[in-house]
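For reference, the chains in residue letters:
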Amino acid sequence: TSGGGFTVSLPSNPTIGKVWNFKKTDITNTIQLRAAAPVLIDELSTKNITGLNNSFSVQFDGINYKII
């Protein structure tokens, strides 16, 4: 994110059980994870990663993404 914030669009129908890992390694800007409606990430359409070295893993359960 040193060059600016960016958005990661998660697939709307990936393989059930698939896991994605995201980690913010620069103190500036934001990473935004975005799900395509009607799919959600823990009941939200977006999840922001703002803090240095914060990380999230999300797993698709067949309907939505869950933060694990």
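As a reminder, the structure under discussion sits directly above these lines.
Per-chain numbering applies: the sequence of each chain, read as written, is numbered from 1 onward. In keeping with the predicted nature of the model, local features appear solely for residues at pLDDT of at least 70, side-chain atom pairs appear and are counted solely at 80 or more, and the whole-chain, interface and lining totals rest on all residues. Note that water and hydrogens are dropped before the side-chain values are worked out from all heavy atoms of the structure.

## Observations concerning the packing of aromatic side chains
Moving on, step 1. Working definition: a ring pair exists when centres of Phe, Tyr or Trp rings (six-membered ring for Trp) sit within 6.5 Å. Plane angles under 30 degrees give stacked, over 60 give edge-to-face, the rest tilted. Throughout the structure, instances matching the rule amount to two aromatic pairs.
Moving on, step 2. With centroids separated by 5.6 Å and ring planes inclined at 65°, the aromatic side chains of Trp20 and Tyr65 adopt a geometry described as edge-to-face. Here the residue Trp20 occupies a position in strand β2 (residues 19-23), and Tyr65 occupies one in strand β6 (residues 65-67), the gap between them amounting to 45 residues. The pair formed by Trp20 and Tyr65 is uniform in burial state, with each residue classed as buried.
Moving on, step 3. Here a set of aromatic residues connected by ring pairs shows up, and it is made of Trp20, Phe60 and Tyr65.
Moving on, step 4. Stacked on the ring of Trp20, the Lys or Arg Lys18 has its end atom at 5.6 Å from the ring centre. For helices the rule is a DSSP run of H or I covering at least 4 residues; for strands it is a run of E covering at least 2, with both sets numbered from the N terminus onward. Each residue's exposure class comes from its accessible area (1.4 Å probe, protein chains only) as a fraction of the maximum for that residue type: buried when under 20%, exposed when over 50%, partly exposed otherwise. The criterion for a charge sitting over a ring is simple: Lys NZ or Arg CZ within 6 Å of the ring centre, and within 35 degrees of the ring normal.

## With respect to the sheet that holds strand β5 (residues 55-60)
Moving on, step 1. Any two strands are treated as partners once DSSP identifies two or more bridges connecting them. Pairing in this open sheet of three strands is antiparallel, and the strands run β2-β5-β6 from one edge to the other. The outermost strands of the open sheet, each flanked by one partner alone, are β2 and β6. Strand-to-strand twist in this sheet, taken as the mean axis angle between neighbours without regard to direction, amounts to 25°.
Moving on, step 2. Of the pairings in the sheet, the one linking β5 to β6 comprises three bridges and is antiparallel in character. Pairing of Val58 across the sheet is with Ile67, part of β6. The axes are straight lines fitted to the C-alpha atoms, using for helices just the contacting stretch, and the angles between their N-to-C directions are given from 0 to 180°.

## A word on the nonpolar core
Moving on, step 1. Counting residues in hydrophobic clusters, the biggest one holds 13 residues, and the most contacted among them are Phe22, Leu33, Ile41, Val58 and Tyr65.
Moving on, step 2. Listing elements by their share of this core, those giving two or more residues are β2, β3 (31-34) and β5.
Moving on, step 3. Here this core takes three residues from β5, the largest share from any one element.
Moving on, step 4. Setting aside residues no more than four positions away along its own chain, Phe22 makes contact with Val8, Leu10, Leu33, Ile49, Asn54, Ser55, Phe56 and Val58. Residues belong to a common nonpolar core when they are buried Ala, Val, Leu, Ile, Met, Phe, Trp, Tyr or Cys residues joined through side-chain atoms within 4.5 Å. Note on contacts: a residue pair is in contact if any heavy atoms of the two residues lie within 4.5 Å.

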